[in-house]
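Residue-level listing of the chains:
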Amino acid sequence: MAIPNNKLDQEKNKLEKQPVNLLKVPFIKKFIQSKWYPGLFQWIVLIVFSGIVYELVAGTVDPSKNLGTSLTWVLWWPLIPLFFVLIGRFWCAICPFGKVSDIIRKTIGSERPAPKFLRKYGLWFIDLFFIAITYSDHIWGIVENPRGSGYLLLLLVTMVVGTSVFYERRTFCKTLCFLGGLSGNYSRSGSLELRGTPEVCKSCKVQACYKGSEKAEGCPMFQFVRTMDSAADCNLCGNCVKNCPNDSIRISPRVPTSELWVIKKPMIEHTFLAAVIMGIVFVQNITMIAIWQDILKAISSVTGTSNYNINFTVAFIIAMAIPVGLLFGTAKIATITGGSVEKVKQNFIKFGYAIIPLDLAGHLAHNLFHIITEGKAIWYNSASVIGVNVTRGDLAFAPASTVQMLQYIIIVIGTIGSIYTAYRIGNKGSFKALVPYYTLMVLLAVANIYLFSMPMMHRV
């Protein structure tokens, strides 16, 4: 019997809507299911990381000539946000801290659950830890001081070892890692996702994706694939792919920022970090341009002291508070003028996610300055470490004007992403209802472009 045309159309539309599954490519699936993934990458990164720490702690104290400084702050740190955009939290799967955690847990570790307060307030600890590290950099000059960078990494290793000895899975990564909050927020804007197939998962009795099997341990980030709807806590470690007995897992490309359009459980911790990151990017930019000294003098006239630490602390707090205050004010205005039935706090939390694409753009644009204008230092310093004499020249790959143009383009793209995200979060509401949020995104973009339009000084 012939199938009616409308039935054929329905089947065709259903097939067309199915996302591309990279695990349908035999080589990719076989590799992820093998013992080589992600272990091969993990060991390579761990070896490189060990060399970086040694160079930071035992190498030259001149940051411009220290290979560890160049690889950490000129190469890795500028590229890490790009990783999150393109491949989600894959870096977390191969991170040396994660590998150290795995080694410790398999040798002398415990299966004890993380303390309740860590599980409840872990995101706040991550937010505060990220702020503390940024603050410490400007107070003690971690970036400009190879020893400071090395000791910071060793401190993080110590924290990883401590949590891995006493608690199960990757408790440090889940509740304390300063990069975890950043990667979680940015990965929501990313173009890759791992998901389960609901129709298959709902009949699964073994739950091997979470509990683990003889093939691999359970999800190190405590995720059930069946209920996972976010890339924020997925490291793409492949354990669930190895363990799933039902071939339910898919890894699919997606439209960047699409996850932000529908956040089922908006959390103030995420929104707070999104707004604070914008302020931190402002700080990073302002401290590298000429007006920074004028700002310090203005603050000094109020505080009555020329102590840099005090005046920077004031500037740092103000810079972080401004985006948070603007977002809250915008939510209040939109609630009044747009006739929203939701409260100000609800709108503050929900629309805070719209800042993330612009956050990401600002972070990328700032880091672009370092990798393009200081990138050749990696070559010079690598040659010096292996004993090759190379005449040092200009460290830049391109002139500052080229960098600025690229920065403007990135900010414009991020602004479009944030405005469209606000539009989708607002359920494609009327222009009048959403114009306060659009205005906020444009205002933040203008502030970024203004700062990037000014000549920047190198910190390394």
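The present account deals with the structure reproduced in this document. Quick caveat, the model's predicted, so the values are computed rather than measured.

## Looking at unusual backbone geometry
The phi angle of most residues is negative, glycine excepted, and most peptide bonds adopt the trans form.
Reasoning step 1: Pro-38 follows Tyr-37 through a cis peptide bond whose omega is -5°.
Reasoning step 2: Within the fold, Pro-38 resides in the loop between helix H2 (26-33) and helix H3 (39-58).
Reasoning step 3: In the Ramachandran plot, Arg-169 falls in the positive-phi region, its phi being about 45° despite a non-glycine side chain.
Reasoning step 4: Inspection of the secondary structure puts Arg-169 in the loop between helix H8 (146-166) and helix H9 (171-175).
Reasoning step 5: For Arg-169, a relative accessible area of 12% puts it in the buried group.
Reasoning step 6: Even without glycine at this site, Thr-257 takes up a positive phi of about 75°.
Reasoning step 7: Inspection of the secondary structure assignment puts Thr-257 in the loop between strand E2 (250-253) and helix H14 (258-261).
Reasoning step 8: Note on Thr-257: relative accessible area 11%, which makes it buried.

## A word on the nonpolar core
Reasoning step 1: Leu-179 and Leu-194 are the most contacted members of the largest nonpolar core, which has 121 residues in total.
Reasoning step 2: In terms of residue count, helix H15 (residues 268-286) provides more of this core than any other element does, eleven residues in total.
Reasoning step 3: Excluding its chain neighbours within four sequence positions, the residues that come into contact with Leu-179 are Trp-76, Trp-77, Ile-80, Phe-84 and Trp-91.

## Brief notes about helix H17 (residues 308-337)
Quick reminder: α-helices carry 3.6 residues per turn. Residues three or four places apart thus point the same way.
Reasoning step 1: Over its 30 residues, H17 extends 43 Å from the first C-alpha to the last, a length consistent with the 44 Å expected when each residue adds 1.5 Å.
Reasoning step 2: At Ala-321, H17 shows its largest bend, some 25°, and a proline, Pro-323, comes one to four positions later.
Reasoning step 3: You can read the cap of H17 off the contacts: a side-chain oxygen lies 3.0 Å from the backbone nitrogen of Asn-309, and it is on Asn-307.

## Describing the packing of H17 against helix H18 (residues 344-352)
Reasoning step 1: It is the contact of H17 with H18, at a shortest axis distance of 8 Å, that shows an interaxial angle of 120°. The pairing of H17 with H18 is recorded here as oblique in orientation. Read as a crossing pair, H17 and H18 show a hand that is right-handed. Only Val-344, Asn-347, Phe-348, Phe-351 and Gly-352 of H18 make contact with H17, whose side of the interface consists of Val-324, Leu-327, Phe-328, Ala-331, Lys-332 and Thr-335.
Reasoning step 2: When grouped by side-chain class, the residues that make up the contact of H17 with H18 number seven nonpolar, three polar and one charged.

## A closer look at the packing of aromatic side chains
Reasoning step 1: Taken as a whole, this structure holds 28 aromatic pairs when the rule is applied.
Reasoning step 2: Seen from their ring centres, Phe-129 and Phe-178 are 6.2 Å apart, and the 80° between their planes marks the pair as edge-to-face. A residue pair is termed long-range when its members are at least 10 positions apart, and Phe-129 in helix H7 (residues 116-140) and Phe-178 in helix H10 (residues 178-187) qualify at 49 residues. Phe-178 shares its class with Phe-129; the two are buried.
Reasoning step 3: Considering the side-chain rings of Phe-166 and Tyr-167, the 6.4 Å spacing of their centres and the 50° angle between planes classify their relative orientation as tilted.
Reasoning step 4: Take Phe-166: its relative accessible area is 44%, and that puts it in the partly exposed class.
Reasoning step 5: Among the aromatic residues, those joined into a cluster by ring pairs are Phe-27, Phe-31, Tyr-37, Phe-41 and Phe-90.
Reasoning step 6: When the ring centre of Tyr-210 is taken as reference, the NZ or CZ atom of Arg-169 above it lies at 4.5 Å.

## Observations concerning the side chain of Asn-185
Reasoning step 1: Mapped onto the elements of the fold, Asn-185 is located in helix H10.
Reasoning step 2: For Asn-185, the side chain forms a polar contact with the main-chain oxygen of His-270, separated by 3.4 Å.
Reasoning step 3: Those residues in contact with Asn-185, other than ones at most four positions away along the chain, are His-270, Leu-273, Ala-274 and Ile-356.

## Points about a nonpolar patch on the surface
Reasoning step 1: There is a patch of nonpolar side chains on the surface, built from Trp-36, Leu-40, Ile-44 and Val-48 and spanning about 390 Å² of accessible area.
Reasoning step 2: Structurally, Trp-36 can be placed in the loop between H2 and H3.
Reasoning step 3: Trp-36 gets classed as exposed once you look at its relative accessible area, which sits at 51%.

## Some points on the pattern of salt bridges
Reasoning step 1: Under the definition given, this model contains 13 salt bridges.
Reasoning step 2: Residue Arg-89 is joined to Asp-233 by a salt bridge in which the shortest nitrogen-to-oxygen separation is 4.0 Å. Taken as a pair, Arg-89 in the loop between helix H4 (67-87) and helix H5 (90-94) and Asp-233 in the loop between helix H12 (208-211) and helix H13 (239-243) lie far apart in primary sequence, 144 residues in all.
Reasoning step 3: Judged by relative accessible area, which is 3%, Arg-89 ranks as buried.
Reasoning step 4: Linking Glu-193 and Arg-195 is a salt bridge whose minimum nitrogen-to-oxygen distance equals 3.5 Å.
Reasoning step 5: Residue class for Arg-195 comes out buried when judged on its relative accessible area of 9%.
Reasoning step 6: What emerges from the salt-bridge pattern is a single network uniting Arg-188, Glu-193, Arg-195, Arg-250, Arg-254 and Glu-259.

Thresholds, definitions, all that
- Residues numbered from 1 in each chain as written.
- Predicted model: local features only at pLDDT ≥ 70, side-chain atom pairs only at ≥ 80, totals over all residues.
- Heavy atoms only, no water.
- Helix = DSSP H or I, 4+ residues; strand = E, 2+ residues; numbered from the N terminus.
- Buried < 20%, exposed > 50% of the residue type's maximum accessible area, 1.4 Å probe, protein only.
- Core = buried A, V, L, I, M, F, W, Y, C linked by side-chain atoms within 4.5 Å.
- Contact = heavy atoms within 4.5 Å.
- Expected span 1.5 Å × (residues − 1).
- Bend = angle between axes of the 7 residues up to and from the residue.
- Polar contact = N/O pair within 3.5 Å; in protein donor to acceptor, adjacent residues only side chain to side chain.
- Axes fitted to C-alpha atoms, helices over the stretch in contact; angles between N-to-C directions.
- Parallel < 35°, antiparallel > 145°, perpendicular 65-115°, else oblique.
- Left-handed = near helix turned anticlockwise from the far one by under 90°.
- Nonpolar A, V, L, I, M, F, W, Y, C, P; charged D, E, K, R; others polar.
- Phe/Tyr/Trp six-rings, centres within 6.5 Å; stacked < 30°, edge-to-face > 60°.
- Lys NZ or Arg CZ within 6 Å of the ring centre and 35° of its normal.
- Patch = residues over 30% accessible without salt bridge, like charges linked within 9 Å, V, L, I, M, F, W, Y side chains within 5 Å.
- Areas by Shrake-Rupley, 256 points an atom, 1.4 Å probe, with all protein chains shown as cover.
- Salt bridge = Lys/Arg side-chain N within 4 Å of Asp/Glu carboxyl O.

Everything listed is a geometric property; what it means functionally is a separate question.
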